[in-house]
Amino acid sequence: MIRLWKTTLKFRMLTGFVFIVIFGGLLISKAFDLQIIEGRRLRLLSREQFSAKVYFTPERGNIYSSNGSILAASVNVPGIAVDPLMIRRKLKIAEELSKLTGIRFRKIIKILNRNIQFAWIKRRVSERVAKNVEKKGISGVIIVKQPVRYYPNGTLLAHVLGFVGINDNGLSGIEYKNNGFLKGNKRALKVLHDGLGQYIFVKGFGLRKATHGDNIYLTINKQLQFITQYYLDKEAEAADSKGAFAILMDPNTGAILAMADYPDFNPNYYWKYSARYWRNRAVTDDFEPGSTMKPFVVAAALSEGLVKPDTMINCYNGSYAIDGITVHDVENWFGRFSVNQIVEYSSNVGECRIGMRFKKPMLYKWFDLWGFGRSPRAGLLGEANGIVKPLGQWSKVGPCEMAFGQGISVTGLQEIIGLSAIANGGRLIKPYIIKKIVNPYGKIIYKSKPKFSGRIITPVVDREVKYMMRLVVKGGTGGYARLIDFKVSGKTGTGQIADYKTGRYYKNKYTASFMAFVPYRHPKLAMLVVQQEPSKIGYYGGEVSAPVVRDVFENALNILNIYPKKTAYREQSNTVPAVTADGSNGSNAPSAAATAATVSAAPSSKVNFPADAGKSPLEDAYGAMPDLKGSTIYAALKILGRYKLNIKIYGSGFLYYQSIKTGSDMAGKKTVVLKFKQKKAQS
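The text that follows walks through the structure, step by step, so that each part is easy to find. (Residues numbered from 1 in each chain as written. Predicted model: local features only at pLDDT ≥ 70, side-chain atom pairs only at ≥ 80, totals over all residues. Heavy atoms only, no water.)

1. Considerations on the packing of aromatic side chains
Any aromatic ring pair is given by two values, namely how distant the centres are and how the planes are angled relative to each other.
Alright, step 1. Enumeration according to the criterion identifies 25 aromatic pairs in this entry.
Alright, step 2. With a centroid separation of 6.1 Å and an interplanar angle of 90°, the aromatic rings of phenylalanine 163 and phenylalanine 265 are classed as edge-to-face. On the criterion of sequence distance, the pair formed by phenylalanine 163 in the loop between helix 6 (158–161) and helix 7 (173–177) and phenylalanine 265 in the loop between strand 10 (256–262) and helix 10 (281–284) is long-range, its members being 102 residues apart. This pair shows no difference in class: phenylalanine 163 is buried, exactly as phenylalanine 265 is.
Alright, step 3. When the ring of tyrosine 230 is compared with that of tyrosine 231, the centres are 5.0 Å apart and the planes differ by 80°; the resulting orientation is edge-to-face.
Alright, step 4. On the basis of relative accessible area, tyrosine 230 is assigned to the buried category, the value being 5%.
Alright, step 5. Ring pairing ties together the aromatic residues Phe163, Phe265, Tyr269, Tyr270, Trp271, Tyr273, Tyr277 and Trp278, which thus form one cluster.
Alright, step 6. The lysine or arginine in question, lysine 436, covers the ring of tyrosine 217, its NZ or CZ lying 4.8 Å from the ring centre.
Alright, step 7. Across the ring face of tyrosine 657, the terminal group of lysine 675 is positioned such that the distance to the ring centre comes to 5.0 Å. (Phe/Tyr/Trp six-rings, centres within 6.5 Å; stacked < 30°, edge-to-face > 60°. Helix = DSSP H or I, 4+ residues; strand = E, 2+ residues; numbered from the N terminus. Buried < 20%, exposed > 50% of the residue type's maximum accessible area, 1.4 Å probe, protein only. Lys NZ or Arg CZ within 6 Å of the ring centre and 35° of its normal.)

Put into C-alpha cells, the structure is as follows:
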C-alpha cells in the first residue's frame, strides 16, 4: 500500500514537473516572441496608443516699413474645436454650440458625427464668443488660440504685401514670395495620454520650441506710401479710371519708396474681393507706353550719333505718310522742330522720323539695354517681362511706331528703371523692395545693396535728355507737374489700348501716364503714374497723371527734408503754365485749363492739399471738424480731403491728437496738426 502511494506520488510529481517545463517553455517562447521577434512592432504600436505629438504653429515673422513701422503682424485669435468621440449628447451640444456661435445646427451635428478625435467648428471667433463657449464647460469642446495675420493699416500697400490663408501660408504678394522666411519652423511637444485620450504633459519630455519666423523690412517709406496712395486714389476716382498705379523710387539706389494701386482691397478680408483686385498692376500689367518711350529712343539716337539736340526735323504739320500708314500729331502747326522741341511738344511725326534713322537690330539692342522685354527681378510677385517683338516680326515701319510707344509693351516697373537711369546720370540700376531680413534673434541674415548693371548713356547725353524733359514741364505737355521751388523734369504719355481679337486699337480706350524726377539737376525722387482707361476729366497723361506726381513730389520733398537752393524758382508761381495735354498714340492736344501750384515754401513735414483750378488753397473751409481719433494717417487724409487745409503730420500709427477740436467750426481754419503713435488711442 505504501509502495503504491509512493509510486502515485512520483507520477504526480513527474507529471507536474513535465507540465511546469512545458508551460514554462511556452511562456519563454511567447516572451521571446513578444520581446525579440515582435518587440519593435509592439513598441511602435504602444507609442501610437499612449503617446502623441502636439504641434505648435510658430508665430509668423512681421513685415515692417523702412523705419520699423509694422505693416503686417500676427495676433492670437481664438477658435472652437471639438473631439467628436468624447461628446455624448450630440444633439443637445450641437444645439448649444449653434446658439453660441451662430453656425447652423445641421453643420455642427455633421461635424460631431464624424469618427475622428479632432475637428474645427470655427477657426476664428471673437473673444466674447470664445468666453461664452468656455463658460459652458462642455466636455470635448476646446478653445484653441492660433496666430492670424493682421494688417493694421488696412488697404495700405495691400497689393505689395499680399495676404495669408488659414493654414498660415502666404497666398499673394510679399507674404507668398517670402513665405519660407516668414513662416518659421513648426515644432512639436511629445506627450503621453491615458486610455480616455486625455493628454498627460510630462515635464521635460521631448520639448522642442517652435521657431519664430524671420522679420522682413521693406524699403517702403510709410509716410510716402500714405501720400502716394491718397493722391492716386483721389485722381483715379475723379477720372473714373478702371485701374491705376504709381511707383515712387530713389533713382540713385533703386529702393522702392512707395507703390500704390487703384482700386484697392483690404487684406484682412481678402476673400470678400475677386482675384482681379489682388494683382499688383505696377509689375503684372504691360501696356503700350505712348510718348513716355520718346526720351529713351532719343537718348539712343543721341548716343549713336544719329541726331543732335538742335537737329532740325520736318514734322509735316502733324501728318506724315510712310509705307501705307499715316502718323498724326494733334496739332497741325508742328513744322520744322529741333529734337529738343520734338520731346517738349511730343511730336509723333518727329519721333517717327528719328526712329526710322535706326537700323532694326540697333534699335532692338537699345530696347534690351534699357531693360525692356525682361523681368526686373525686384523681389515682387508676378513681375512681367513686357513685350518686345523678335526682330523677325518687325514691320518696315516698326522703328517708326515703337519710337513713339506703339507696338511695344512695358511694365511700370521697367519704365521707372529706365527713368531712374536718366535721373542718376545714365546708370541702369536694379530695383528692390526688401531692405533687410532679420532672424528671431536679431541677426541680419540678408541686406540689400544698390546694384548697377552698367552705364547706358554718357553723362553728356544724359544732361541733354534731362534738359529736354525739363522743357516738357517748363513749357510743354507736362505743365501740370510744375512746382514753385523745385525744377521738375518729366514726360507725358498717352497710349492706345489694343484689341487683341481684331488686332486693331480701340478708338476710345487709352492709357494715360506721366513719369518725372526731381530736383532737375540732382534728382532724389523718380515717379511714374499710369491711369488705365480714364473716362472723365480727360485721357491725356498730362491731365490725369501729372497732377498726382506734382502733389506727391510737393509733399515728399517736405517729408524727406529736401530743401530748394537759395535761388528758388519763384518765377514759376508768377505765370500760368501754357499746358498742352499729351494726345492719343502719344500725341498732344491743348489742355482745358492750367492749375496753379499751391505749395507752401516752408520746409516742414506736412501735407499740402492743392486747391481746385482757379481757387485759393487757403480759402475758408466749411462744416464742423470730425472726430479723427484712432484713425490711420491715410484714413485721416481721406476724411480731411474736402477741407482746404495745410496738414502737419507727426509720428505714425493711429491718431491720438488733433489741434482742431471735434465739432469746431472749420470756417477760417488754415492749418491742422495731427499726431500719431503706434498704439491705437482709446476714444
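2. Some remarks on the environment of threonine 511
Alright, step 1. Within the secondary structure, threonine 511 sits in strand 22 (residues 504–518).
Alright, step 2. Measuring from C-alpha to C-alpha, the distance between threonine 511 and serine 241 comes to 9.5 Å, with 270 residues separating the pair along the chain.
Alright, step 3. In this structure threonine 511 touches Phe287, Gly493, Thr494, Gly495, Ile497, Val530 and Gln531, once residues within four positions along its chain are discounted. (Contact = heavy atoms within 4.5 Å.)

3. What to know about empty space enclosed by the protein
Alright, step 1. According to the stated counting rule, one finds 4 cavities of 30 Å³ or more in the structure shown.
Alright, step 2. Empty space within the second largest cavity amounts to approximately 60 Å³.
Alright, step 3. In this structure, the second largest cavity is lined by Arg124, Val148, Arg149, Tyr151, Val164, Gly165, Pro267, Asn268, Tyr270 and Trp271.
Alright, step 4. Class assignment for the residues of the lining of the second largest cavity results in 6 nonpolar, 2 polar and 2 charged. (1 Å grid on protein atoms, 1.4 Å probe; cavity = no way out; pocket = protein on both sides within 12 Å on 5 of 7 lines; lining within 4 Å. Points joined across faces, edges and corners; volume = space filled by probe spheres on them. Nonpolar A, V, L, I, M, F, W, Y, C, P; charged D, E, K, R; others polar.)

4. What about a nonpolar patch on the surface?
Alright, step 1. There is a patch of nonpolar side chains on the surface, built from Leu14, Phe17, Val18, Val21, Ile22 and Leu26 and spanning about 600 Å² of accessible area.
Alright, step 2. Structurally, valine 18 is set in helix 1 (residues 2–37). (Patch = residues over 30% accessible without salt bridge, like charges linked within 9 Å, V, L, I, M, F, W, Y side chains within 5 Å. Areas by Shrake-Rupley, 256 points an atom, 1.4 Å probe, with all protein chains shown as cover. Salt bridge = Lys/Arg side-chain N within 4 Å of Asp/Glu carboxyl O.)

5. Here we look at the packing of helix 11 (residues 294–303) against helix 17 (residues 459–475)
Alright, step 1. Direction vectors running N to C along helix 11 and helix 17 enclose 145°, while the axes themselves pass 10 Å from each other. As for the relative orientation of helix 11 and helix 17, their crossing is right-handed in sense. Of the residues in helix 17, those touching helix 11 at Pro295, Val298, Ala299, Leu302 and Ser303 are Val461, Glu464, Val465, Met468 and Met469.
Alright, step 2. The residue inventory of the contact of helix 11 with helix 17, partitioned by class, reads 8 nonpolar, 1 polar and 1 charged. (Axes fitted to C-alpha atoms, helices over the stretch in contact; angles between N-to-C directions. Left-handed = near helix turned anticlockwise from the far one by under 90°.)

6. Structural notes on the nonpolar core
Alright, step 1. Membership of the largest hydrophobic core comes to 140 residues, with the highest contact counts inside it found for Leu218, Phe367, Trp370 and Phe553.
Alright, step 2. Tallying contributions element by element places helix 19 (residues 546–559) first for this core, with 8 residues.
Alright, step 3. Among all residues touching leucine 218, those that are not within four sequence positions of it are Ile63, Tyr64, Ser65, Ser66, Leu71, Leu157, Leu161, Ile174, Ile433, Ile434 and Lys435.
Alright, step 4. The next biggest cluster of nonpolar side chains, apart from the first, holds 19 residues, and it includes Leu97, Ile103, Ala119 and Val141. (Core = buried A, V, L, I, M, F, W, Y, C linked by side-chain atoms within 4.5 Å.)

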